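Letter by letter, the chains look like this.
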There are 2 protein chains.
Amino acid sequence: MKEARYFYVPNAAVETALPAEEAVHATRVLRLKEGDELFLMDGEGYFYQAEVTLATAKKCLYAIRQTLKQETCWRGKIHLAIAPTKDMGRMEWMAEKATEIGFDEISFLDCKFSERKTLRTDRIEKIIISAVKQSRKGWKPTVNEMSPFHYFIENCSNQGRKYICHCYPEIARADFFTAISNDESSLSGDDITVLVGPEGDFSIDEVRYALAHGFESVTLGNSRLRTETAGLSAVMMSQLARRV
Amino acid sequence: MKEARYFYVPNAAVETALPAEEAVHATRVLRLKEGDELFLMDGEGYFYQAEVTLATAKKCLYAIRQTLKQETCWRGKIHLAIAPTKDMGRMEWMAEKATEIGFDEISFLDCKFSERKTLRTDRIEKIIISAVKQSRKGWKPTVNEMSPFHYFIENCSNQGRKYICHCYPEIARADFFTAISNDESSLSGDDITVLVGPEGDFSIDEVRYALAHGFESVTLGNSRLRTETAGLSAVMMSQLARRV
């Protein structure tokens, strides 16, 4: 028996073949053959122990032997909405690390002071899938297309609390970690949506607009963080406050 | 008045000139001239508001106008000892992010399952200095040369608690964040030393050796983390537990 291999297969339970890229990896790189064991992850809470039933250069069919329901590791949904940095590499590592640590959804914001106005979410999606496999996550985080700040604010609904991190001392800010550690989850639900601005911060009008739409004003602490570090810190604090 | 510029100058209070590299940056890149304001950071708890007194192509002399004592943002010292990853880029970003978030010392361990047996600490030092400037930290984290695991364990002394993170289910593990959040700092001091192993983990003998030398057995949680993500998580948790 070869070392167990993990593949990301959306709808693994109803499909019978690995997606094209995964098939190439399975048959050409790992040289899996009929009868070899493999593990499928559907990104929706299930792993499957399976067996290769046909392996050609381009195709890899499988049969599921066992369904392995995954346990949730944190309560509620953790949703990060962030203004992407000019340097895409910084967003990519943040997406990888946030996936390893554990979160549910990422959105990208086009803000007044954003240096980056477009974003290839397909690259982020690939990096997240790779991290999901590497860290064996039961659920694949959702990646949303970039949206204008005001559109996001107006259309953001979750079952819990919504926060905006910013650096304006003239607007009172609660400590984010204290706020999410103490909140009455039975009243407000466990979901967290947290907004992180561009390197030049949100504009003060953007902050006020968010506050007028049910967001709470918070700070991540005393440290002066780059955007991607702030995003990752927000995810890690959410994870620590919501883990089960 | 030009935008305030920050320079790392060890012993800034007794020196009168920027170090060679900083001088080139100040005079050739930023084109600072006599009378321009600059800020010096000594990495030991002091910033200095200063003024350029002489600027040539290679030299930049200054006079200090005001001493600005920095406040500590966390209690005790946070010391991360980690087995470096094969890919140096991963260690470098971790060093950058840990500096932004805030920690005091980094050591590198040569372990049984280490993939990397040598390390250029001068590159890590440069990245940390750059992050200290960027995030305006009052203290520069200390960078130690790589040492064999057993040597580190035998010679590690701090005023607080020492922890080793590992994945062996047969050795009871406390939750790291809970342990450092609840510990009786008045009894044991505030310092934290935390060990993170290579991708293949510490050997079980290494874990037992550390436990026999006063280290406590801990886990960072349920997530399967890459080495550099585990290192950053340990720093972030320490920072959250020790911030003032």
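Residues numbered from 1 in each chain as written. Chains lettered and ligands numbered in written order. Predicted model: local features only at pLDDT ≥ 70, side-chain atom pairs only at ≥ 80, totals over all residues. Heavy atoms only, no water.

As recorded by an unreviewed UniProt entry, chain A carries the name Ribosomal RNA small subunit methyltransferase E and is attributed to Prevotella jejuni. Chain A has a UniProt comment under Subcellular location (unreviewed entry) that states "Cytoplasm". (UniProt positions renumbered as here; feature names shortened; annotations may be inferred.)

A. Here's a closer look at the side chain of Ser217(B). Residue and element names in this part refer to chain B. Residue placement: Ser217 occurs in strand S11 (residues 216–219). Here the side chain of Ser217 touches His166 through a polar contact of 2.8 Å, side chain to side chain. Not counting the four nearest positions on each side in its chain, Ser217 is found in contact with Ile164, His166, Ile171, Ala172, Arg173, Ala174 and Leu211. (Helix = DSSP H or I, 4+ residues; strand = E, 2+ residues; numbered from the N terminus. Polar contact = N/O pair within 3.5 Å; in protein donor to acceptor, adjacent residues only side chain to side chain. Contact = heavy atoms within 4.5 Å.)

B. Representation of the sheet that holds strand S4 (residues 60–69) of chain A in the model. Residues and elements named next belong to chain A. Read from one edge to the other, the open sheet built from four strands follows the order S1-S2-S3-S4, with strand pairing classed as mixed. A strand with exactly one partner marks an edge of an open sheet, and here the two such strands are strand S1 (6–8) and S4. Each adjacent strand pair in this sheet contributes to an overall mean axis angle of 35 degrees, direction not counted. Judged from the three bridges that link them, S1 and strand S2 (residues 37–41) form a sheet pairing that is parallel. (Pairing = 2+ DSSP bridges. Axes fitted to C-alpha atoms, helices over the stretch in contact; angles between N-to-C directions.)

C. Summary view of the nonpolar core. Grouped together as the largest cluster of nonpolar side chains are 82 residues, with contacts concentrated most on Phe176(A) and Phe176(B). Each residue touching Phe176(A), except ones within four places of it in the same chain, is listed here: Tyr163(A), Ile192(A), Val194(A), Val218(A), Thr219(A), Leu220(A), Ala234(A), Met237(A) and Ser238(A). (Core = buried A, V, L, I, M, F, W, Y, C linked by side-chain atoms within 4.5 Å. Buried < 20%, exposed > 50% of the residue type's maximum accessible area, 1.4 Å probe, protein only.)

D. Seen up close, helix H2 (residues 88–101) of chain B. All names here are of chain B. Here H2 is 14 residues long and its end C-alpha atoms lie 20 Å apart, about the 20 Å a rise of 1.5 Å per residue gives. The residue sitting at the N-terminus of H2 and contributing the capping side-chain oxygen is Asp87; that oxygen lies 2.8 Å from the backbone nitrogen of Gly89. Backbone geometry just downstream of H2 places Gly102 in the positive-phi region, at approximately 115 degrees. (Expected span 1.5 Å × (residues − 1).)

E. Seen up close, the interface of chain A and chain B. Each side of the interface is counted separately: chain A has 29 residues, and chain B has 29 residues. A per-residue breakdown of the area chain A buries against chain B is headed by Arg224(A), Met236(A) and Arg243(A), which together make up 23% of the total. Linking chain A with chain B are 10 salt bridges. Close ionic contact of Glu100(B) with Arg226(A) constitutes a salt bridge, the shortest N to O distance being 3.8 Å. Linking chain A to chain B there are 20 residue pairs in polar contact (both at pLDDT 80 or more). Its residues assigned to classes, the side of chain A that touches chain B shows 11 nonpolar, seven polar and 11 charged. (Buried area = accessible area lost by both parts, 1.4 Å probe. Salt bridge = Lys/Arg side-chain N within 4 Å of Asp/Glu carboxyl O. Nonpolar A, V, L, I, M, F, W, Y, C, P; charged D, E, K, R; others polar.)

F. Highlighting the domain arrangement of chain A. All names here are of chain A. Domain annotation of chain A identifies domain 1 (6–69) and domain 2 (78–242). The distance between the C-alpha centroids of domain 1 and domain 2 comes to 33 Å. In this assembly, 11 residues from domain 1 lie in contact with nine residues from domain 2. When the buried surface of domain 1 facing domain 2 is broken down by residue, Tyr6, Tyr8 and Met41 rank first, second and third, together holding 51% of it. There are two salt bridges connecting domain 1 and domain 2. We note a salt bridge from Glu21 to Lys126, for which the minimum N-O separation is 4.0 Å. Mapped onto the side of domain 1 that touches domain 2, the elements with two or more residues apiece are S1, helix H1 (20–29) and strand S3 (46–55). When residues in the side of domain 1 that touches domain 2 are grouped by element, the largest group, three residues, is from S1. (Domains from an automatic or database assignment.)

G. View of the relation of the copies chain A and chain B. At an RMSD of 0.0 Å, chain A and chain B line up after a rotation of 180 degrees and a shift of 0.0 Å along the axis. Such a turn and shift between the copies fits a two-fold axis. Interface residue correspondence from chain A to chain B reaches 100%, placing this contact among same-surface, isologous pairings. (Least-squares fit on C-alpha atoms with pLDDT ≥ 70 in both.)

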